[in-house]
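Here's the letter readout for the chains.
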Amino acid sequence: MLDAILSYEFLQNAFASGLIIGVIAPLLGVFIVVRRLSLIADALSHVTLAGIAGSLYLSQSVGALALLNPLYLGIASSVMGSMLIERLRSVYKHYEELAIPIILSAGIGFGAIFISLAEGFSSDLFGYLFGTVSAVSRQDLFIVAGIAVIVLAFIRIFFKELFVLSFDDEYARASGLPAKWIHFLFMIVTALVIAGSMRIVGILLVSSLMTIPVATAMRVAKSFKQTIWLSILFGEISVLTGLVTAFYFDLAPGGTIVVTSIAILLVILAYRKISLSKKRGAAA
Amino acid sequence: MAAPLINIKEVSYEYEQTKALDHISMAVEEGDFLAILGPNGSGKSTLLKIMLGLIRPSEGSVELFGVDSRQFKHREWIGYVSQKSNSFNSAFPATVQEVVAGGLAKKAGLFHKLPKNTAQQVEEALNAVGMKSFKNRSISELSGGQQQRVFIARALVAKPKVLILDEPTVGIDVQNVQAFYDMLAALNRERNITLVLVTHDVDTVTDRISHVACLNQTIHFHGFKDQLHMMSDEEREAWYGHSVRKIHHTEGSHTHA
């Protein structure tokens with residue numbers, strides 16, 4: 001495997017991108033899960049689909065855009081989607097969750113229109129929907145690395161504010177933290193991570209890499225920081241195992257990554273159950 | 001004479017064309033232990049939220065430490081403990097220590113890390129509320145009363161001059177409510193922390209407070225608790241919206257609805 005990675009640039013791109021998103025997706029995912037925003041990740045990934053499909057269509061129909069990397073429009077639509085969700089949440093103050101199905105359906109709607117307008121990019125689209133090992137370019141890797149720098153800087157700078165906001169947003173606002181601005185930046189960073197992770201995991205499965213490793217970590221972690229480290233660890237194991245399996249068996253990496261993360265979750269749940277029943281047995 | 005710590009001037013608040021507060025004026029001085037009492041829907045929590053700057057009044061203004069609340073920069077001088085059930089995520093994967101350290105976020109400032117002596121400050125704050133031995137426990141494992149003590153420690157860790165509490169005993173066992181108010185009284189007495197409290201626990205809190213404000217859209221009474229008995233029956237009825245029975249105890253007077 002190592003020989004293959006050293007020999008083929010596409011494998012280097014896929015594994016390097018995978019290693020990066022294995023860190024940033026679960027890292028941001030911890031805040032998404034504890035803030036109960038998991039469905040927003042799904043909505044944004046579907047908006048990204050609209051951007052990707054739109055870009056693929058434009059690259060077919062407008063000659064000057066033939067070489068445009070679809071990730072750019074994917075990122076732009078994801079960021080725009082995050083802003084629209086926030087706008088809709090303030091319009092429907094008493095039904096904030098309505099913003100998610102509205103944006104999610106808009107994403108699928110536009111995506112479906114662009115896909116039907118442009119016939120003939122089904123193999124490209126399959127890669128964007130479920131991830132790819134072979135089609136990750138050096139440019140994709142640079143984009144993912146750039147997003148990772150932004151995410152890590154954001155978390156590093158605003159960690160304490162994000163923690164307070166996630167735990168108790170009323171307290172955060174009462175204590176004078178710029179909760180509104182931090183939330184706004186958080187949504188944009190989330191949109192970036194979703195668009196960046198999509199090349200490896202795929203649009204339809206990107207939110208699972210942000211939530212399943214976190215759900216697993218929460219069953220065993222004793223503190224918030226431990227939840228973060230364990231989420232990253234489970235994320236990395238899922239991505240690496242998933243990519244290797246996908247490469248050897250010629251499968252979509254999104255599927256193998258998510259199935260690996262589900263397997264880790266099941267192992268941890270079983271471990272917790274056994275250790276709890278042992279404890280109860282000892283106490284009885 | 002020093003400016004009041006909180007000075008509410010002719011504050012009114014309307015929500016969807018319903019008047020929640022009507023021309024409220026009230027001052028909280030240093031060292032006060034003030035309980036804001038009133039029936040459900042009387043505007044108590046709204047008034048606290050206006051004091052904290054969480055909502056803006058439709059009319060009037062609030063001064064904090066002599067400065068208009070919109071220009072007030074030292075939010076860390078005001079600690080806040082909300083109704084437990086209202087705001088925090090009860091299954092949050094964090095230790096007591098991490099939660100209390102969050103109370104230093106504003107004081108440390110944006111773009112700055114928490115100070116190096118955070119662990120020591122957290123320990124001191126937990127000690128003040130009798131929760132030092134719980135510092136490594138998960139917040140979700142604690143009882144309602146223990147969680148509220150942790151939230152008071154989170155407010156105390158930034159060394160506030162005023163502590164504002166919104167029905168802090170909701171969700172706490174009846175037998176622990178007394179001990180909870182004793183702890184608040186000790187903070188007021190020994191650390192000179194000014195306390196403003198919204199509560200329904202009239203019986204329990206009366207012995208410990210210094211001032212009372214009776215609120216029901218307007219202020220019906222605000223002054224020393226010992227003067228509360230001077231309210232006429234008509235004033236009491238206007239305050240609570242229905243007949244209120246006054247029961248005299250040997251020390252002070254307590255009011256029961």
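Look up a bit, the structure's there.
Overview of the structure. Going along each chain's sequence as written, the residues are numbered from 1 onward. Throughout, the order in which chains and ligands are written sets their labels, letters from A for the former and numbers from 1 for the latter. Side-chain atom pairs in this predicted model are given and counted only at pLDDT of 80 or more, local residue features only at pLDDT of at least 70, and totals for whole chains, interfaces and linings cover all residues. Side-chain metrics rest on all non-hydrogen atoms present in the structure, leaving aside hydrogens and water.

What to know about the overall build of chain A
Thought 1: A count of helices and strands for chain A gives 12 helices and zero strands.
Thought 2: Dimensions along the principal axes, computed over C-alpha positions, put chain A at roughly 70 × 50 × 30 Å.
Thought 3: Categorising residues by exposure relies on relative accessible area from a 1.4 Å probe, with only protein chains included: less than 20% of the type maximum marks a residue as buried, more than 50% marks it as exposed, and the intermediate range marks it as partly exposed. Taking all 284 residues of chain A together, the buried fraction comes to 54%.
Thought 4: Should any heavy atoms of two residues lie within 4.5 Å, those residues are considered in contact. Taking contacts inside chain A between residues at least 6 apart in sequence as the whole, the part at least 24 apart equals 77%.
Thought 5: In this tally, Lys and Arg are treated as positive and Asp and Glu as negative; His is ignored, and so are the chain termini. By convention, the point assigned to a charge is CZ for Arg, NZ for Lys, CD for Glu and CG for Asp. Counting 19 positive and 15 negative side-chain charges, chain A places the centres of these two groups 14 Å from one another. Helix numbering and strand numbering both begin at the N terminus, where a helix is a DSSP run of H or I of at least 4 residues and a strand a DSSP run of E of at least 2.

What about the overall build of chain B?
Thought 1: Within chain B, the secondary structure is distributed over nine helices and 12 strands.
Thought 2: Computed over the C-alpha atoms, the radius of gyration of chain B is 18 Å, within 12% of the 18 Å expected from 2.2 N^0.38 for a compact globule of 257 residues.
Thought 3: Along the longest, intermediate and shortest principal axes, the C-alpha atoms of chain B span 55 × 40 × 40 Å.
Thought 4: Of the contacts formed within chain B by residues at least 6 apart in sequence, a portion of 65% connects residues at least 24 apart.
Thought 5: When the accessible area of chain B is evaluated, it comes to approximately 11700 Å², of which 46% is carbon and sulfur surface. Here the globule rule reads 2.2 Å times residues to the power 0.38, and the radius of gyration is calculated from C-alpha atoms. Each accessible area is a Shrake-Rupley estimate made with a 1.4 Å probe; only the visible protein chains count as cover when residues are assessed.

So, helix 7 (residues 174-190) of chain B
Residues and elements named next belong to chain B.
Thought 1: An ideal rise of 1.5 Å per residue puts 24 Å on 17 residues; helix 7 measures up with 25 Å between its terminal C-alpha atoms.
Thought 2: For helix 7, the set of buried residues is Val177, Phe180, Tyr181, Met183, Leu184, Ala185, Ala186, Leu187 and Asn188.
Thought 3: Where helix 7 is buried, its residues touch strand 3 (33-37), helix 5 (118-128), helix 6 (144-156), strand 7 (162-166), strand 8 (194-198) and helix 8 (202-206).
Thought 4: Where helix 7 ends, the next residue or the one after it, Asn192, has phi of about 55°, a positive value. By definition here, a helix of n residues has an expected span of 1.5 Å times n minus one.

A word on the interface of chain A and chain B
Size of an interface: often given as the accessible area lost when the parts come together.
Thought 1: Taken residue by residue, the interface counts 28 residues in chain A and 32 residues in chain B.
Thought 2: When two components associate, each loses some accessible surface as probed by a 1.4 Å sphere; the sum of these losses over both components is called the buried area. The junction of chain A with chain B conceals about 2600 Å² of combined surface from both sides, 62% of it contributed by carbon and sulfur atoms.
Thought 3: On the chain A side of the interface with chain B, the three residues burying the most area are A:Lys160, A:Phe167 and A:Tyr171, jointly 29% of the side's total.
Thought 4: Each salt bridge in this description consists of a side-chain nitrogen of Lys or Arg and a carboxyl oxygen of Asp or Glu lying within 4 Å of one another. Remark: the boundary between chain A and chain B carries two salt bridges.
Thought 5: Pairing of N or O atoms within 3.5 Å defines a polar contact, subject to two protein rules: one partner must be a possible hydrogen donor and the other a possible acceptor, and residues neighboring in sequence count only if both atoms are side-chain atoms. The interface formed by chain A and chain B includes seven residue pairs in polar contact (both at pLDDT 80 or more).
Thought 6: Only helix 7 (138-167), helix 8 (169-174) and helix 11 (224-249) of chain A provide two or more residues apiece to the side of chain A that touches chain B.

A word on the packing of aromatic side chains
Aromatic rings in a pair are described by how distant their centres are and how their planes are angled relative to each other.
Thought 1: Only the six-membered ring of Trp is used, alongside the rings of Phe and Tyr, when aromatic pairs are assigned; centres must lie within 6.5 Å, and planes under 30 degrees apart are stacked while those over 60 apart are edge-to-face, with the rest tilted. Overall, the coordinates contain 20 aromatic pairs over all chains when judged by the stated rule.
Thought 2: Residues A:Phe163 and A:Phe167 carry aromatic rings whose centres are separated by 6.5 Å and whose planes lie at 5° to one another, so their mutual orientation is stacked. Within this pair, A:Phe163 and its partner A:Phe167 are both found in helix 7, separated by four residues, close to a single helical turn. Accessibility classification places A:Phe163 together with A:Phe167 in one group, the buried group.
Thought 3: For the pair B:Phe65 and B:Phe72, a centre-to-centre distance of 5.6 Å together with 5° between the ring planes defines the contact as stacked. For the pair B:Phe65 and B:Phe72, a shared accessibility class is recorded, and that class is buried.

Quick look at the sheet that holds strand 10 (residues 218-224) of chain B
Two pairing modes exist for strands in a sheet, parallel and antiparallel, and in both the strands are linked by backbone hydrogen bonds.
All names here are of chain B.
Thought 1: On the basis of which strands lie adjacent, the open sheet formed by six strands has the order 6-7-8-3-9-10 and mixed pairing. Two strands bound the open sheet, and with one partner strand each, they are strand 6 (78-81) and strand 10. Each adjacent strand pair in this sheet contributes to an overall mean axis angle of 15°, direction not counted.
Thought 2: Direction of pairing for strand 9 (residues 211-216) relative to strand 10: antiparallel, over a ladder of six bridges. For His211, the partnering residue across the bridge sits in strand 10 and is Phe224.
Thought 3: Only the stretch in contact is used when fitting a helix axis, every axis being a line fitted to C-alpha atoms; angles between N-to-C directions are given from 0 to 180 degrees. Packed onto the sheet, helix 7 meets strand 3, strand 7 and strand 8 and runs at close to 150° relative to strand 8.
Thought 4: Helix-sheet contacts for helix 9 (residues 233-240) involve strand 3, strand 9 and strand 10, and the interaxial angle to strand 9 is about 60°. A pair of strands is labelled paired if DSSP reports no fewer than 2 bridges between them.

Describing the pattern of salt bridges
Thought 1: Counting across every chain of the model gives 14 salt bridges over all chains.
Thought 2: Between A:Arg89 and A:Glu86 there is a salt bridge; the shortest N-O distance is 3.4 Å. Pair noted here: A:Arg89 and A:Glu86 are both in helix 4 (residues 70-91), with a separation of three residues, about one helical turn.
Thought 3: With relative accessibility at 17%, the residue A:Arg89 sits in the buried group.
Thought 4: Here B:Arg189 makes a salt bridge to B:Glu190, at a shortest N to O gap of 3.6 Å.
Thought 5: Among the residues examined, B:Glu190 registers a relative accessible area of 62% and is labelled exposed.
Thought 6: It is possible to trace a salt-bridge network through shared partners that takes in B:Glu123, B:Lys132 and B:Lys135.

Description of the environment of A:Leu243
Residues and elements named next belong to chain A.
Thought 1: Inspection of the secondary structure assignment puts Leu243 in helix 11.
Thought 2: Expressed as a C-alpha distance, the spacing of Leu243 and Pro253, which sit 10 residues apart in the sequence, is 5.5 Å.
Thought 3: In this structure, Leu243 is in contact with Ala14, Phe15, Gly18, Val133, Ile200, Pro253, Thr256 and Ile257, ignoring residues within four places of it in sequence.

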